[in-house]
Amino acid sequence: MSANENGGGNPKLLRALEIFGNVFALNIMFIVFSLPVITFGASMTALYSVTLKMARKEEGTIGKSFLESFKKNFKKATQVWLVLIGIFFILFVEYLLIINVEGAISSFYLVVIIVELVVLAFALPFLFPLVARYENTLWNYFKNAFLLSVSNFGSWLKIMVAWGLPIFLSLWYPVLFFSTWYLWILLLIALIAYGTSFTMRKVFDRIVLVQESEKVRKEEEKAKKEYESKKRLADHIRRTSDIEKKEE
């Protein structure tokens, strides 16, 4: 469709420009709201809350959506973030033991820290998106995030590569980070969140389908039980009526 046929503008180009502006605004808001550090969890949750809506073209006003999610999920997202800080601290202590202690203890903690890192790696990608989408207990957020990653390994791998590769390269090659640090502040974080939201959306859609199927199954079972109960009652009434007729 030509620009003239579309009111003087290319819809795909306009949508791309809109997305770019939204991602830029989101990145700035995320950085600003993460500055106190303690608010990082709520900020990441708000970021994913908006990008998941953007993946469905349901974002509305970006600033308003971000602030609403930040306020709504602040308590539970901060609790999740504090637990993660505690886990990172424990991992750091274990790392110090590994490099300062020799022998069996060092080997033991090496195995422990590897297992913990693997579990953490599987839990992290879906953790804050789950906080953004569902009401749940603190334990269930971590458990469900881990189970989602394990049961959707391909999706987990895509998300891990999308986040892990640029972060790894920036840390491993300081020159690269110093050349691109401003992109992290202006664009990259929200851009990665937006890109991975399409993968997460598919995973969450499958969850909805499973939930709907389970709901239909339960409704069918309920209807079947009600039918059988009514049938038993009708049979009982019929038998009682036959007995009464015979007695007469």
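As shown above, the structure is provided for reference.
As a starting point, this report considers the structure included with it.

Thresholds, definitions, all that
- Residues numbered from 1 in each chain as written.
- Predicted model: local features only at pLDDT ≥ 70, side-chain atom pairs only at ≥ 80, totals over all residues.
- Heavy atoms only, no water.
- Helix = DSSP H or I, 4+ residues; strand = E, 2+ residues; numbered from the N terminus.
- Buried < 20%, exposed > 50% of the residue type's maximum accessible area, 1.4 Å probe, protein only.
- Contact = heavy atoms within 4.5 Å.
- Salt bridge = Lys/Arg side-chain N within 4 Å of Asp/Glu carboxyl O.
- Patch = residues over 30% accessible without salt bridge, like charges linked within 9 Å, V, L, I, M, F, W, Y side chains within 5 Å.
- Areas by Shrake-Rupley, 256 points an atom, 1.4 Å probe, with all protein chains shown as cover.
- Core = buried A, V, L, I, M, F, W, Y, C linked by side-chain atoms within 4.5 Å.

As for the environment of Leu82
Next, step 1: Within the secondary structure layout, Leu82 lies in helix H4 (residues 74-100).
Next, step 2: Residue class for Leu82 comes out partly exposed when judged on its relative accessible area of 42%.
Next, step 3: The sequence separation of Leu82 and Thr39 amounts to 43 residues, and the corresponding C-alpha distance is 9.7 Å.

Let's talk about unusual backbone geometry
Next, step 1: Residue Val37 is not a glycine yet carries a positive backbone phi of 70 degrees.
Next, step 2: Mapped onto the elements of the fold, Val37 is located in the loop between helix H1 (11-34) and helix H2 (40-55).
Next, step 3: Residue Lys57 is not a glycine yet carries a positive backbone phi of 60 degrees.
Next, step 4: One can find Lys57 in the loop between H2 and helix H3 (62-72).
Next, step 5: Overall, Lys57 belongs to the exposed group, its relative accessible area being 65%.

A closer look at the environment of Ile189
Next, step 1: Along the chain, the position of Ile189 falls in helix H8 (residues 174-247).
Next, step 2: Measuring from C-alpha to C-alpha, the distance between Ile189 and Leu47 comes to 9.3 Å, with 142 residues separating the pair along the chain.
Next, step 3: Among all residues touching Ile189, those that are not within four sequence positions of it are Asn27, Phe30, Ile31, Leu47, Trp163 and Trp184.

Some thoughts on the pattern of salt bridges
Next, step 1: According to the stated counting rule, one finds three salt bridges in the structure shown.
Next, step 2: In this structure, Glu18 engages Arg15 in a salt bridge whose closest nitrogen and oxygen atoms are separated by 3.1 Å. Linking Glu18 with Arg15, this pair stays in helix H1, spanning three residues, or about one helical turn.
Next, step 3: When its relative accessible area of 39% is taken as the criterion, Glu18 is described as partly exposed.
Next, step 4: Classification of Arg15 by relative accessible area gives buried; the value is 19%.
Next, step 5: In this structure, Lys76 engages Glu135 in a salt bridge whose closest nitrogen and oxygen atoms are separated by 3.1 Å. Taken together, the residues Lys76 in helix H4 and Glu135 in the loop between helix H5 (104-133) and helix H6 (138-151) connect sequence positions 59 residues apart.

Some thoughts on a nonpolar patch on the surface
Next, step 1: Side chains of Phe20, Phe24, Phe177, Phe178, Trp181, Tyr182, Leu183, Ile185 and Leu186 sit close together on the surface and give an oily, nonpolar patch of about 860 Å² of accessible area.
Next, step 2: Per-element accounting of the nonpolar patch gives the leading share, seven residues, to H8.
Next, step 3: By the element assignment, Phe178 lies in helix H8.

So, the nonpolar core
Next, step 1: Leu26, Leu47, Met54, Phe66, Val80, Leu84 and Phe126 are the most contacted members of the largest nonpolar core, which totals 45 residues.
Next, step 2: Among the elements of the structure, H1, H2, H3, H4, H5, H6, helix H7 (153-172) and H8 are those that each provide at least two residues to this core.
Next, step 3: Per element, the largest residue contribution to this core is 10 residues, and it comes from H8.
Next, step 4: Beyond its immediate stretch of four places on either side in the chain, Leu84 contacts Leu120, Leu124, Leu127, Phe128 and Phe142.

Just distances and angles here, no functional claims.
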